[in-house]
Amino acid sequence: MHAQQNPSRGRRPADSEAKDAYLAMVERIEASDARGTTEQEELRDISAELTRWLAERRLLDASGERLSPPERALRHVVAEHRRRLRETVEGLSRDARALDDVLSLLAAPRPGPRDTVETEFFTDRARTRQRLEELDALSREEFLAMRNAFPDARVLDASLVRDLEMAASGIRMRVLTSQQALRSPAPARYLHALIDAGVEVRVAATVPLHMNIMDRTVVVIGVGAGPRGEGGDVILHSTPVAQCFAQVFLHAWDLARPHTERTTGTGSAGPGCAGPELSVLEREVLTLLATGAKDDAIARRLGCSDRTLRRLMRQIMGRLGTSSRFEAGVTAVRLGLVD
């Protein structure tokens, strides 16, 4: 009856044509004395393409026999999108749980036909550190460290970035060290940086092992030099073994005292005073600040997250006794801490 007023058959209508056709049909139906009959006639005459366009926008009911007002169509569209969002959220939650389960299996021991312990052994300390980075990335809940010695300042600075990342991710970290290991300034600065990040640090008179325990499933133990000077690091993948070593750690931890003694030379530096001792990493941050580098560029250069960089900046400003990044840069230049 009204086919001449609807988009041509056999082609997909443009949005403007379809909208005009819909409004024209609504106007004719509302003006008719027999609305139900008129509506059926109108819908019987429209093309399949226009029918599809109306159905996609919920302007046509599921039966295809009645037009829907825009208000009702909007409610249907919103309800459908809400349902899809709920399904998407549920699907993402399932995927996240599956991902966590798979990640936990990566560091878990692989049982054989007997109760065996998967073991890795490294004599090259650089390879050990590379392997530890991989294992640290799998840590999810807890990291226990026992230190009877520390590497040089360069290695500590590199380790600090990764350790701060772990602390920022919500992993509970506890470090137990010996009083002897704190006699050098670099380990003291390293530990205070960890304390500032919320890591628990305690000091004992002696510490029996150099050891890491990750999520009580993996143990890394430094093996001392043998009679021929041989040594290395052994990694044990076994939850029962890790839990046994965790008991050793906790026993020593309970007997130790919190590490609260600050290193000398920190804090505010007045005119003519020597500046505070800064780590290689902190000096690099100050040098980049002095060149005008932005936070994102500095984070990329250091290979750390923005959150870790902000924590380092707060730490540096605390050491320099400043209250802003700009003031920290100026103070560092005045004290000759950067080139």
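Position labels on residues start from 1 in each chain and follow its written sequence. Totals for whole chains, interfaces and linings use all residues, but because this is a predicted model, local features are given only for residues with pLDDT of at least 70 and pairs of side-chain atoms are given and counted only at 80 or more. Side-chain descriptors were evaluated using all non-hydrogen atoms of the structure, hydrogens and water having been removed beforehand.

Colleague: How should a positive patch on the surface be read in this particular structure?
Modeller: Any residue with relative accessible area above 30% and no salt bridge may belong to a patch, with like charges joined within 9 Å and the nonpolar Val, Leu, Ile, Met, Phe, Trp and Tyr side chains within 5 Å. The method behind every accessible area is Shrake-Rupley, applied with a 1.4 Å probe, and residues are considered shielded solely by the protein chains displayed. Any carboxyl oxygen of Asp or Glu that lies within 4 Å of a side-chain nitrogen of Lys or Arg is treated as forming a salt bridge with it. For this count, His and the chain ends are skipped, Lys and Arg are scored as positive, and Asp and Glu as negative. Think of each charge as sitting on NZ of Lys, CZ of Arg, CG of Asp or CD of Glu. A contiguous patch of positive charge on the surface is contributed by R35, R66, R72 and R75. The helix and strand labels rest on DSSP assignments: H or I over at least four residues marks a helix, E over at least two residues marks a strand, and numbering proceeds from the N terminus. Its place among the elements puts R35 in helix α2 (residues 35-45). By relative accessible area, which is 46% here, R35 ends up partly exposed. Per-residue accessibility, obtained with a 1.4 Å probe over protein chains only, is compared with the maximum for each type, and a residue is labelled buried under 20%, exposed over 50%, and partly exposed between these values.

Colleague: Even after reading the chapter, I still don't get the layout of surface pockets, so can you show me in this structure?
Modeller: Left-over empty space is what a probe sized like a water molecule reveals as it rolls over the atoms. Note on definitions: the grid is 1 Å and covers protein atoms alone; a cavity is a set of points where a 1.4 Å probe fits but cannot get out; a pocket is an open set with protein on both sides within 12 Å along at least five of seven lines; lining residues have an atom within 4 Å of a point. Grid points are joined across faces, edges and corners, and a volume is the space filled by probe spheres set on the points. There is about 460 Å³ of room inside the largest pocket. L132, R147, S159, H210 and N212 are the residues nearest the centre of the largest pocket, which is lined by 27 residues in total. Broken down by secondary-structure element, the contributors of at least two residues to the lining of the largest pocket are α5 (125-138), β2 (142-147), α6 (153-168), β3 (172-178), α7 (185-196), β5 (211-214) and β6 (218-223). Residues that form the lining of the largest pocket fall into these classes: 15 nonpolar, 5 polar and 7 charged. Of the voids in this model, the second largest pocket is the one considered here, and its volume is about 260 Å³. In the scheme used here, Gly and all other residues not listed as nonpolar or charged are polar, with Ala, Val, Leu, Ile, Met, Phe, Trp, Tyr, Cys and Pro taken as nonpolar and Asp, Glu, Lys and Arg as charged.

Colleague: Where do I start with the packing of aromatic side chains in this structure?
Modeller: Here the distance between the centres and the angle between the planes together describe a pair of aromatic rings. Within 6.5 Å between ring centres, the rings of Phe, Tyr and Trp (the latter by its six-membered ring) count as paired, and their orientation is classed by plane angle as stacked under 30 degrees, edge-to-face over 60, tilted in between. Enumeration over the complete set of coordinates arrives at 2 aromatic pairs. Consider the rings of F150 and Y190, whose centres lie 6.0 Å apart with planes at 65 degrees: the pair is edge-to-face. With F150 in the loop between β2 and α6 and Y190 in helix α7, this residue pair connects regions lying 40 residues apart in the sequence. Here the two residues F150 and Y190 agree in accessibility, since each one is buried.

Colleague: Looking at this model, I keep getting lost on the pattern of salt bridges. Mind explaining?
Modeller: When the charged atoms of two side chains lie near each other, side chains of opposite charge can form a pair. Counting across every chain of the model gives 13 salt bridges. The closest approach of N and O atoms between R84 and E80, which form a salt bridge, is 2.6 Å. With R84 and E80 both in helix α4 (residues 70-106) and 4 residues apart, the pair spans about one turn of that helix. Given the relative accessible area of 41%, R84 is considered partly exposed. Looking at E80, the relative accessible area reads 18%, which means it is buried. Between E142 and R216 there is a salt bridge whose closest N-O contact spans 2.8 Å.

Colleague: Explain the environment of M214 to me, please; I cannot follow it from the model alone.
Modeller: Position of M214 relative to the elements: it lies in strand β5. Measuring from C-alpha to C-alpha, the distance between M214 and E142 comes to 6.1 Å, with 72 residues separating the pair along the chain. Residue contacts follow a heavy-atom distance rule, with two residues in contact if any of their heavy atoms lie within 4.5 Å. For M214, the residues in contact, after removing those within four places along its chain, are L135, D136, S139, E142, F143 and V220.

Bear in mind that shape data such as this cannot, by itself, settle questions of function.
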